[in-house]
Amino acid sequence: MNIWEIIIITVIKIGAILTIMLLTVSYLVYFERRISAWIQSRLGPNRVGWEGILQPFADVFKLLLKEDISPVAANKFIHGLAPFIAVFVAFSTYAVIPIGPDVTIFGYSIQLVVADVNIGVLYVLALTSLGVYGLTFAGWSSGSKYSLLGGIRSSAQMISYEVSMGFSVGGVLLMAGSLSPIAIVEAQYGWMWNAIVQPIGFITFTVAAFAETNRLPFDLPEAEPELVGGYHTEYSSMKFAGFFLAEYANMIIAAGMIVTLYLGGWQVPYIDKLGLGEIVTALMQVGSFFVKMGAILFFFIWVRWSIPRFRYDQLMNLGWKVMFPLSLINIVWVAALIMIFNL
Amino acid sequence: MNLELIIFIVLALTGAISAVGMITRPNPVISALFLIFNFFALAGLYLLLNAQFISIVQIIVYAGAIMVLFLFVIMLLRTGEEPKLFSEKKHIKYFAIVIAVLVFVQLGYLIFYEAPSEYISQRVQQSMEAGTIENIGQQLYTTYMIPFEAAGFLLLAATIGALVLAKKNFE
């Protein structure tokens, strides 16, 4: 393959991933509203199209037509920049998550991942640590105390939970012996899923993922009863939609990371023993990735509508005094497993 | 012109412009933003030099953690007095000029008289190949075990020190 073929294939992959992401994000909002309605014995949006299936488009048009207001006290430049940072970080993270094995299309062997970077996991951690800027700048530049408090809360929360997130990932890296997401998925062949081998790490990572995506029970940055709307109080129209988009895109990435690191990625246990054709196997594996991701996303929504919000000190105590030590225990546990069973 | 050179020029320009932006903006938050851009350009340059680990650590540690702390401090303190501080203390400016001249003379000497691009020594070659995370990990836990542990111990001591300072009255 020469350089132009590589560039064209990569651009096609980026386009495909972006389209899938944007569609999933808008439908995730729809499903969240429907599932929350179902949990609370309501109907939810069911008017636009069959069972409200066109609701996301109606929402986007509404947001496009809204007036874009930036407050007098705001720093205009940063106020406009913040949602872009949030969206950029949320979408570029997806480049390293593999959705399937290598497939051969038209004689080209194509990896079902935008970029097979051998430091993929670190790349994701680096970008999530940058995601905090979108929120902090939004909070500061709005020139409002509710926004500032929301922004500062978010940065403190995300920094705290990044620590336990990083240490839980440590266990996965020990098992796989590599930082490349593809190698991590391949190391979980059969039933050697990390969720089974290292359940503690799975739990700490999932909790940290909730905190990093600012989802309930950790949505203190925007806690509406105390902070009006938190860091995006002063945002309207498409800038607000940018944060909304970023939040849901982050949820999808968190789900993708959980599946890749702990639930075997695109692996279906022992599917290669069935003797199906290459195409069928690949399709089933890609399908299994999306099914697992959908299950995790449902879990995210389910938790949001079942558990009340933590108080701020409870959040910090949980992060530093429970999750952090647990993730350290997990590393020792994995290291001991590797030593005993010589994995 | 090959691809590597084009990428280098783009990154170097971003780095230089953001560095100038950082020291010339009166608003400290905007300065911090430029500094973050600068870190990104640097991380990109490290990637070009095949030092993936350093590059990603540059982003995680500097852009992701240290700058967030900086921003915290800038946002919570009132920094409106900052521009006045510099107009009052004029001699700081002359001091800065002296330092800048010294640094540029050193850099110029290195670039024009030592010509680093023409003599790639054995050790430079080795350090370029050692940039991958596997190599760094291997080296850290075998050859440089004791310095690594010592650095860890120092960091631990610093953390405890910070805790003691923050919590003045322990019961």
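Refer to the structure presented above.
Given the structure is predicted, the values throughout are model-derived calculations rather than measurements.

## Focus: the overall build of chain B
Okay, so step 1: Check the secondary structure of chain B and you find eight helices and zero strands.
Okay, so step 2: Shown N-terminal to C-terminal, the secondary structure of chain B runs as helices and strands in the order α-α-α-α-α-α-α-α.
Okay, so step 3: Looking at chain B as a whole, 22% of its 171 residues qualify as buried.
Okay, so step 4: By sequence separation, contacts in chain B at least 24 residues apart represent 52% of the contacts at least 6 residues apart.
Okay, so step 5: By element, 72% of the accessible surface of chain B is carried by carbon and sulfur atoms, the whole surface being about 13,100 Å².

## Observations regarding the nonpolar core
All names here are of chain A.
Okay, so step 1: One finds Tyr94, Tyr133, Phe137, Tyr161 and Leu261 to be the most contacted residues of the largest nonpolar core, which totals 100 residues.
Okay, so step 2: The leading source of residues in this core is helix α10 (residues 237–262), at 14 residues.
Okay, so step 3: If near-sequence neighbours (up to four positions away) are discounted, Leu261 is found in contact with Val121, Val169, Val172, Ile184, Gln188, Asn194 and Phe205.

## A word on the side chain of Thr93(A)
All names here are of chain A.
Okay, so step 1: With respect to the helices, strands and loops of the structure, Thr93 is situated in the loop between α3 (76–92) and β1 (103–105).
Okay, so step 2: Relative accessible area serves as the criterion here: at 2%, Thr93 is assigned to the buried category.
Okay, so step 3: Beyond its immediate sequence surroundings of up to four residues, Thr93 is in contact with Tyr123, Val124, Leu127 and Ile253.

## Overview of the interface of chain A and chain B
Okay, so step 1: If you look at the interface, chain A gives 23 residues, while chain B gives 21 residues.
Okay, so step 2: Summed over both sides, the interface between chain A and chain B buries roughly 2,100 Å², with carbon and sulfur atoms accounting for 83% of that surface.
Okay, so step 3: Sorting the residues of chain A by area buried against chain B places Ile119(A), Tyr133(A) and Trp140(A) first, and these three jointly supply 25% of that buried surface.
Okay, so step 4: Counting every contact that joins chain A to chain B gives zero salt bridges.
Okay, so step 5: Linking chain A with chain B are one residue pair in polar contact (both at pLDDT 80 or more).
Okay, so step 6: Every element with two or more residues in the side of chain A that touches chain B is listed here: α3, α4 (120–141) and α5 (145–176) of chain A.
Okay, so step 7: In terms of residues, the side of chain A that touches chain B owes the most to one element, α4(A), which gives eleven residues.
Okay, so step 8: Among the residues making up the side of chain A that touches chain B, the classes are represented as 18 nonpolar, five polar and no charged.

## Thoughts on the pattern of salt bridges
All names here are of chain A.
Okay, so step 1: Counted by the stated rule, this structure contains five salt bridges over all chains.
Okay, so step 2: Residues Arg34 and Glu51 are paired through a salt bridge, measuring 3.0 Å at the closest nitrogen-oxygen approach. One end of the pair, Arg34, is in helix α1 (residues 3–39); the other, Glu51, is in the loop between α1 and α2 (55–65), and 17 residues separate them in sequence.
Okay, so step 3: One salt bridge in this structure joins Asp313 and Arg311, with 2.9 Å as the shortest N-O distance.
Okay, so step 4: The class of Asp313 is partly exposed, set by a relative accessible area of 39%.

## Thoughts on the packing of aromatic side chains
All names here are of chain A.
Okay, so step 1: Tallied over the entire structure, the rule returns 17 aromatic pairs over all chains.
Okay, so step 2: An angle of 25° between the planes, with centres 5.9 Å apart, marks the rings of Tyr133 and Phe137 as stacked. You can see Tyr133 and its partner Phe137 sitting in helix α4, four residues apart, about one turn around the helix.
Okay, so step 3: A residue is classified by how much of its surface remains accessible, and Tyr133, at 3% relative accessible area, is buried.
Okay, so step 4: Taking relative accessible area as the criterion, Phe137 reaches 1% and is therefore assigned buried.
Okay, so step 5: With 6.3 Å between their ring centres and 85° between their planes, Phe299 and Trp302 make a pair best called edge-to-face. Highlighted residues: Phe299 and Trp302, both in helix α11 (residues 278–304), separated by three residues, approximately one helical turn.

What counts, and where the lines are drawn
- Residues numbered from 1 in each chain as written.
- Chains lettered and ligands numbered in written order.
- Predicted model: local features only at pLDDT ≥ 70, side-chain atom pairs only at ≥ 80, totals over all residues.
- Heavy atoms only, no water.
- Helix = DSSP H or I, 4+ residues; strand = E, 2+ residues; numbered from the N terminus.
- Buried < 20%, exposed > 50% of the residue type's maximum accessible area, 1.4 Å probe, protein only.
- Contact = heavy atoms within 4.5 Å.
- Areas by Shrake-Rupley, 256 points an atom, 1.4 Å probe, with all protein chains shown as cover.
- Core = buried A, V, L, I, M, F, W, Y, C linked by side-chain atoms within 4.5 Å.
- Buried area = accessible area lost by both parts, 1.4 Å probe.
- Salt bridge = Lys/Arg side-chain N within 4 Å of Asp/Glu carboxyl O.
- Polar contact = N/O pair within 3.5 Å; in protein donor to acceptor, adjacent residues only side chain to side chain.
- Nonpolar A, V, L, I, M, F, W, Y, C, P; charged D, E, K, R; others polar.
- Phe/Tyr/Trp six-rings, centres within 6.5 Å; stacked < 30°, edge-to-face > 60°.

These results come straight from atomic positions and should not be treated as a statement about function.
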